Each structure stands twice: as C-alpha cells, then as structure tokens.
Amino acid sequence: MSTLIKHEILGEMLNSTGKGFEQARAEGKEAFESQGFPTNKSEEYKFTAISKKLEQSIQNFGAAESFEVTAEDVKNNLFEGFTGDVLVFTNGHFQSSLSSEIAGIEVALLSEKSDTPVGSIAKPAKDPFCALNQAVFTDGIFISVPKKAVVEKPILLLNFNKAVNGQVIQPRVWIEAGDFAEVTFINHTVNLSDVTYFSNKVVEVKGGVNSQIRFYKLQNEGKNVIEANNTETDIHKDGRFTSVTISLSGELVRNNLSLNIIGSNSEGNMYGLYLLNSKSHVDNHTNVDHTVPHAESNELYKGILADQSRGVFNGKIFVRQDAQKTNAFQQNNNILLSEDAVVNTKPQLEIWADDVKCSHGCTTGQMDEEALFYLQARGIAKDQAKGLLLYAFAGEVLEHIRDESFREYCTNLVQDRLGSKF
Amino acid sequence: MLSIKNLHASIEGTPILRGINLEVKAGEVHAIMGPNGSGKSTLASVLAGREEYEVTEGEVIFKGIDLLELSPEVRAREGVFLAFQYPVEIPGVSSTNFLRTAVNQVREYRGLDPLDAVKFLTLMKEKMKLVEIDQKLLSRSLNEGFSGGEKKRNEIFQMAMLDPTLSILDETDSGLDIDALRIVSNGVNQLKSDKNATIVVTHYQRLLDYIVPDFVHVLYNGRIVKSGTKELAMELEEKGYDWIKEEVDSKATV
C-alpha cells in the first residue's frame, strides 16, 4: 500500500463511477490496490515514470465527460480514400448517431451487454493500469463479428479526446470474432485539447477458431498526452492476429500488448514503429505466451529517435513446456539521431520446451554513414539522403499495414516528419 | 579537366597521400596501379569527397573549380562519379526510385528539366543494355542480395545514367569473372568520349586489356612514383611491384 499512499492524489481516479459490472469492478479495484501505482522501483515501469508524470501534469483526476462533435469533424478526420465503416467516440463515450451501422456486426455499449466477461482476457492482476481501468471504466463498446463473417473493409475506431471537466479518460473495448471471421480495426485518436489529459484504455480481443484479426493503432496525439494502453488477445486454433502500432508523438505513452496463443497452428504478429522527437517518451512492452505446440509469432519493432526523446522496448516471449515446434522471432532495431536520445531495449525469452525455433536480436546505432555517402556520391542532397534511408528503415514496419488508405496516411506522416524535422 | 597538385591526405592523423600530382585531360584514360595499401582507394575516396579523409595540403581543380570545397553531392552533380569498390547494400530503397531521385537532382543542378516516369524508364532501358543488367534486379532494394558481379554492373549502369565527365573506377575489376569483366569493360568503353575522362584504379593489369589506358601511374607510399604508358602495366604484370618498391626505397636511402 505504500506505493498507493505515495501517489495518494492519483488515487482520486478510483472515485469515478461507471455503469454496471459491479463484480468485475470490485475485482479490478482489489487488483489495483494490491499493485498500487508503479514507482521507479517497479521492474515493469523502471524506465517509464508514469505516476510521477501524472502527478506533475494532471490537476483534475475526474473522468473527462462526453462532448459533441459534428459529422463534419468526423469527415475531416478520415484518411483520404478511406471507405470503411466508422465508430465514433468522444472521451471514450460511444457516439452512435455519428457512427456507421455496420451490416452483420453487432455494436453495443458494454453496459448493455452486462454478461461480457470483462477482465477475462486482459487480467487485472497483470498491470496496475489495466486494473484501474477495470475498476472505474466509464463505459465501453462491445463489438461482435459473427462466425464466418468476412468484413472486407476496415472498421475505424475514431476517438476524439478533450479534457472536459476532468482530465482522465478510461475507455474499454471488447471485441469478439466468431470462428472463421475476418476483420480489421484501425484505432485513431484526435486530440482536441490544449490541456494535458490521461488516457487509460483497455482493449480485449477474443479470437475464434481460424479467425483473422488485424488491429492497427496510430498514436499521434501530440505533446500533452499521457497514455496507458493495454491490448490483449487470445488466439485460438488456426487463428491469426496481427497488430501494427505506429507511435509518432506523446508526452508519455505506455503500450502493453499481450498475445496469448492458446490454440495450435496459429500465428501472432506484432509490428511497431516509434518515430519520436522533442521530449516524447514511448514505451512498448509486448508479451507473447506460447502455451500450445505448432504456433508461430513474429515481432518487429523499429525506432527512430531525435532530440531528447526516449524509447523503451521490452519483448517477452514465453514458450511453455507443451509448446513444442514453436517458431518465435523477435527483432528490435533503433536509430538514434541525437546525443540526447535514449533507447532502453530488453528482449526477455523464457523457453521451457526443447524443440523450438526462437530468435531475437536488437540493435541501436546511428545512421549508416557509408550508405549516406553512397547516396550523396550519386548526387542526392545529404538531408534528402538521410530521409530516404530513414524512411526505408521505417518502411519495413509500414508495409505490414494492409489497408491502403491508412498505410498511405501513416506513410505521409512519416515522410513529412523525416523530410522536415530530421 | 582535372589537376591534382601536391595532394596530401590523412585518416585519423595517419598520412596516406603524401603529395600526389596528376593532370587528366578530356578524352583520356588514366590507370592508377600500385601494391595494397599504397593509397589508391584513398585517392579515389578523396576525389569523391568521403568525409573520413582530411586533406592536409595541396589542391584539386576540376573544370576550373576547387573540388575540395564541394560536398560529395555537388561533386557528383558537377560530373564526378565514383564506382565504389564495395557498393553499399541499402535495404528498403529500390534501385529505380533511388536512381530517379539521383538523376533528377543532378539534372536540376545542370539546369535540365526533371525526367518524368516515362522518359526515365526509356533512358533506363537504353542504359541497361550497356551492362546487360536485368530490370528485375532494379526493382529490388539497392544492391541487396546482388552478387559481386551484379553490384559492379550496377555501378557502371548508374554511371551511364548520371553521365559524368570524370569517372573514377575503384577496383571495379576485383573479384569479377571474365564474363562479368568483359561486360563491365564494354560498358565503360561505350561511355568513353572526347569530352569525358576515366581514372581506373586497379591492382591488376588484366582490366587494362579491356579498358586500354593512355597513361599508367604507379602509386606507392602515397606518391606517384612512376608514370608511363600501357607497357608499364605489362611490365608490372610480369615483374610484380617489388622492383618499383626497391627502386623507390633505394633512392630514399641515398
């Protein structure tokens, strides 16, 4: 409890109340109180002083209230050429009147689906912010893709955030896909606030047998955002889950991404790009748990860091004793563009099975001077040559985004940044 | 076209070039030969503008301009081309996009309109024939996974695309089998004109059977210690470099 007392003021967040789920909330509260807010002594938050940052930057720990946006706002924030359906949220509250009716897919408020087993996938005991969300999440969204449904176009979860009354946003998302279902989600957040806010989001994804789920996330909300994000999925037999996380800004961002491989012949993919400048701090903690044989996981996270930015990568891979014939690959590569930029990278593999293929590697270095000279020697200006090389480095992650409009949108953001700022 | 006077250069404080003098006129082919470590590649690198080397003395005038004042990219745009001894593999950058960027930056500097996609492709197809390079290769990442011969052919292909006035071939022949050597030399010969010049840096005489030099210079201990015609190269082939070393070293002790 000492940790909680130290961060007593943060405990105000626990006073929020949400609708329904009394038992889950009680469990969340209990799990949170036993963990407390992380301090610099917490191993999992050693490099990411999120509690301190919250104390310094947040004055009002009340829940940010829903606010109005217009259809015009929604339209203005779609990616060029985007043709998929859109679900709109303001401070985590679902705005049904601005959202698409998606044929064949059930979309409801979590409070209307009170038997949803929230916390059964993203378990509150694993992370204090996950627990905190479970205790007090305002409301959430329930999305169910039925068996065999193949959703051709991506579903955009478009979030508008703004500190209204309180500065804390705690949304929760429950996604379930039936057997053989195929669906792509894009999570995009637009920051309308000039006041720092804290977003503590939990996304739980329940896959089906042979389901194909893609989850893309763009984090580009600017300097005054503190974010904790827990995304966790169960991957069932013959299923595939692919996550792409693009982080371009944020005062402090912590992503916990966990893949539980619980059915054989399945595949989990995790790709991430963090392109940071000024004092942005982005921490990606990933966890893939192989519990069954004949499954595969692939992971590639790449970082480009300028100015005084900071990146943290921690990649855990567990291969349990029963998970024979597992293929698990992990790679983290970083380019530091300034003396003051820092990356802390840590692969963490625990392998109990004896017949597996696992590899991991991480590199942190400067720009390849030899490659730079080669491009210059062909007449390409130095700045442009740098941009070209850095873009090529980042491109290896961007290419995993299947939806063209979203990929182009991210590509343009990345190229703009590499062309001007770097 | 190129006038090198008393050029001294060092790397991390160690002198490598110790007073190079060389005059190259348009239409000429000069071969620079010499034993390993004599400074051949350093000379090529200094001319192209590699930053690790520090020029401590001397001057290099190219078409009336002080070459040493220019950044590597401006040298390239002015018409200096270095075919790398070890072409760099650059994953994620396609050869075609890279070349189009390069060609158009060079053209812009020379006051020419940029080539659109169609014109660029036409030019590329024409120049590809010179070195018998496959278009499939050019849709891949730059030099990534290319064989040694493919990399060297790609260098000469880039040279053809950029239309330089002074080409410096740094050990372009090393490691090539005879077929690849013929293709590469053939490409270089076809690009030769009375308006441009070529400096061929090599350890072996073999290349000079295919690219016939007007002058041969022997570099040793950072200086040109002997100059002659292609017969000098034959002599070196026959007798090795030891006699030159002895000649120079004995003079030094007198």
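Residues numbered from 1 in each chain as written. Chains lettered and ligands numbered in written order. Predicted model: local features only at pLDDT ≥ 70, side-chain atom pairs only at ≥ 80, totals over all residues. Heavy atoms only, no water.

Trainee: Outline the domain arrangement of chain A, listing residues and values.
Mentor: Accessible area lost during the coming together of the parts is what is often quoted as the interface size. Residue and element names in this part refer to chain A. We note that the domain assignment places domain 1 (2–263) and domain 2 (369–422) within chain A. Of note, the centres of domain 1 and domain 2, computed from C-alpha atoms alone, are 30 Å apart. The interface of domain 1 with domain 2 comprises 15 residues on the first partner and 13 residues on the second. For the pairing of domain 1 and domain 2, the buried interface totals around 1,200 Å² over both sides, and the portion due to carbon and sulfur atoms is 72%. Its largest share of buried area at the contact with domain 2, domain 1 owes to Phe 79, Tyr 216 and Leu 248, together 38% of the area lost on that side. Inspection of the domain 1/domain 2 interface yields zero salt bridges. If you look at where domain 1 meets domain 2, you find two residue pairs in polar contact (both at pLDDT 80 or more). Taken together, the elements giving at least two residues each to the side of domain 1 that touches domain 2 come down to strand E8 (182–191), strand E10 (212–219) and strand E12 (240–247). (Domains from an automatic or database assignment. Contact = heavy atoms within 4.5 Å. Buried area = accessible area lost by both parts, 1.4 Å probe. Salt bridge = Lys/Arg side-chain N within 4 Å of Asp/Glu carboxyl O. Polar contact = N/O pair within 3.5 Å; in protein donor to acceptor, adjacent residues only side chain to side chain. Helix = DSSP H or I, 4+ residues; strand = E, 2+ residues; numbered from the N terminus.)

Trainee: Pulling in residues and values, what's your account of the UniProt feature "domain: SUF system FeS cluster assembly SufBD N-terminal" (unreviewed entry) in chain A?
Mentor: Summarizing the sequence annotation, UniProt attributes the feature "domain: SUF system FeS cluster assembly SufBD N-terminal" (unreviewed entry) to residues 20–155 of chain A in the numbering used throughout. Annotation note: span residues 20–155 of chain A, helix share 27%, strand share 14%, distance between end C-alpha atoms 27 Å. (UniProt positions renumbered as here; feature names shortened; annotations may be inferred.)

Trainee: Which residues make up the packing of aromatic side chains, and what are the values?
Mentor: All names here are of chain A. This model, assessed by the stated rule, comprises 15 aromatic pairs over all chains. Ring geometry for Phe 32 versus Phe 37: centroids 4.8 Å apart, planes at 75°, classification edge-to-face. Phe 37 carries the same exposure label as Phe 32, and that label is buried. An aromatic cluster is present here, built from Phe 32, Phe 37, Tyr 45, Phe 129 and Phe 198 joined pairwise through their rings. Seen from the ring of Phe 142, Lys 113 lies directly overhead, with NZ or CZ sitting 4.7 Å from the centre. One cation-aromatic arrangement involves Arg 172 over Phe 137; the distance from NZ or CZ to the ring centre is 5.5 Å. (Phe/Tyr/Trp six-rings, centres within 6.5 Å; stacked < 30°, edge-to-face > 60°. Buried < 20%, exposed > 50% of the residue type's maximum accessible area, 1.4 Å probe, protein only. Lys NZ or Arg CZ within 6 Å of the ring centre and 35° of its normal.)

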